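Single-letter residue listing:
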Amino acid sequence: LITMKNIIREGNPTLRARAKALTFPLTAEQKELGHALMEFLENSQDPDIAKKYQLRAGVGLAAPQVDQSIRMTAVLVPDENDQPLFKHILVNPTIISESVKMAALAEGEGCLSVDRDVPGYVPRHQHITLRWYDLEGTKHIDKLRNYPAIVCQHEIDHLNGVLFFDHINMQKPFVTDDNTVLIG
Ligand SMILES: O=C(O)C[C@@H](Cc1ccccc1)[C@H](O)SCc1ccccc1
Ligand code: NI
């Protein structure tokens, strides 16, 4: 069971490393890790379990955040009715195309590995085409936009040693004109 004590924080070099690509077939341990990452997200979004284990809510959790520098992340993005909008364990995810148009969460971003609030809009691509492999090695290609696209960009950043505040530019604040949108 992954809890907050398993999640490494800012300052741990693993968060700034480029994670290693996985080869198939995955080992049993790698598959177990994938399921454990998803289980954390499910637990963190359940008020009773989150309270019991003191979990911060999460819509994504990347393997480097539990000190495993491999290219695997779980994402569990709920819709407004708390139904899963995009729920997958992504292995070797790659953004194969991205829109010129940018978007940002209106409330900014946070991170389970960052124990401080960092204000500011985090500019992300509004639309992405994501290529990823599931735990069995089957290839998937998904076109995402808005919230699920933002979450996947935040998680793939973790596989490349990038943290959300690296994208915040206080000198050039993100403005909503025809080329940008705010979400949420
Ligand atoms: O640290 C993480 O990677 C998990 C983040 C993912 C995230 C994605 C996009 C924008 C912000 C954060 C956590 O989910 S942060 C907590 C959270 C929970 C619900 C909704 C938004 C953010
Ligand atoms: Ni994060």
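Nothing here was measured: the structure is a model prediction, and the numbers come from that model.

(A) Representation of the sheet that holds strand 1 (residues 60-62). Spatial strand order, 1-2-3-6-7: 5 strands in an open sheet with antiparallel pairing. The two strands at the open ends of the sheet, each matched to only one other strand, are strand 1 and strand 7 (139-145). Going from strand to strand, the sheet's axes swing by 40 degrees on average, the running direction of each strand aside. Inspection of the sheet shows strand 6 (residues 127-133) paired to strand 7 by 7 bridges, in the antiparallel sense. When the sheet's bridge partners are listed, Trp132 is paired in strand 7 with His140. Sitting on the sheet, helix 1 (residues 28-44) touches strand 1, strand 2 (72-78) and strand 3 (84-98), and the angle it makes with strand 2 is about 25 degrees. Where helix 3 (residues 146-159) meets the sheet, it contacts strand 1, strand 2, strand 3, strand 6 and strand 7, and its direction lies at approximately 160 degrees from that of strand 2.

(B) Geometry of the layout of surface pockets. Volume-wise, the largest pocket comes out at about 530 Å³. Going through the elements one at a time, strand 2, strand 3 and helix 3 are the ones with two or more residues in the lining of the largest pocket. The element that contributes the greatest number of residues to the lining of the largest pocket is helix 3, accounting for 5 residues. Looking at the lining of the largest pocket, its residues break down into 11 nonpolar, 8 polar and 6 charged. Considered as a void within the structure, the second largest pocket measures approximately 220 Å³ in volume. In terms of lining residues, the second largest pocket is bounded by 13 residues, among which Pro123, Lys172, Pro173, Phe174 and Val175 are the most central.

(C) Quick peek at the site of ligand 1. The immediate surroundings of ligand 1 are formed by 15 residues, with Val59, Gly60, Leu112, Tyr147 and Glu155 found nearest. Here an oxygen atom of ligand 1 sits 2.9 Å away from a polar atom, N or O, in the main chain of Val59. For ligand 1, an oxygen atom lies 2.7 Å from a polar atom in the side chain of Glu155. Spatially, ligand 1 is embedded in the largest pocket. No other element matches helix 3, which puts 5 residues into the shell around ligand 1. Grouping the constituent residues of the shell around ligand 1 by class yields 7 nonpolar, 6 polar and 2 charged.

About the criteria used
Residues numbered from 1 in each chain as written. Chains lettered and ligands numbered in written order. Predicted model: local features only at pLDDT ≥ 70, side-chain atom pairs only at ≥ 80, totals over all residues. Heavy atoms only, no water. Pairing = 2+ DSSP bridges. Helix = DSSP H or I, 4+ residues; strand = E, 2+ residues; numbered from the N terminus. Axes fitted to C-alpha atoms, helices over the stretch in contact; angles between N-to-C directions. Contact = heavy atoms within 4.5 Å. 1 Å grid on protein atoms, 1.4 Å probe; cavity = no way out; pocket = protein on both sides within 12 Å on 5 of 7 lines; lining within 4 Å. Points joined across faces, edges and corners; volume = space filled by probe spheres on them. Nonpolar A, V, L, I, M, F, W, Y, C, P; charged D, E, K, R; others polar. Near = heavy atom within 4 Å. Polar contact = N/O pair within 3.5 Å; in protein donor to acceptor, adjacent residues only side chain to side chain. Sits in = over half its atoms within 2 Å of the grid points.

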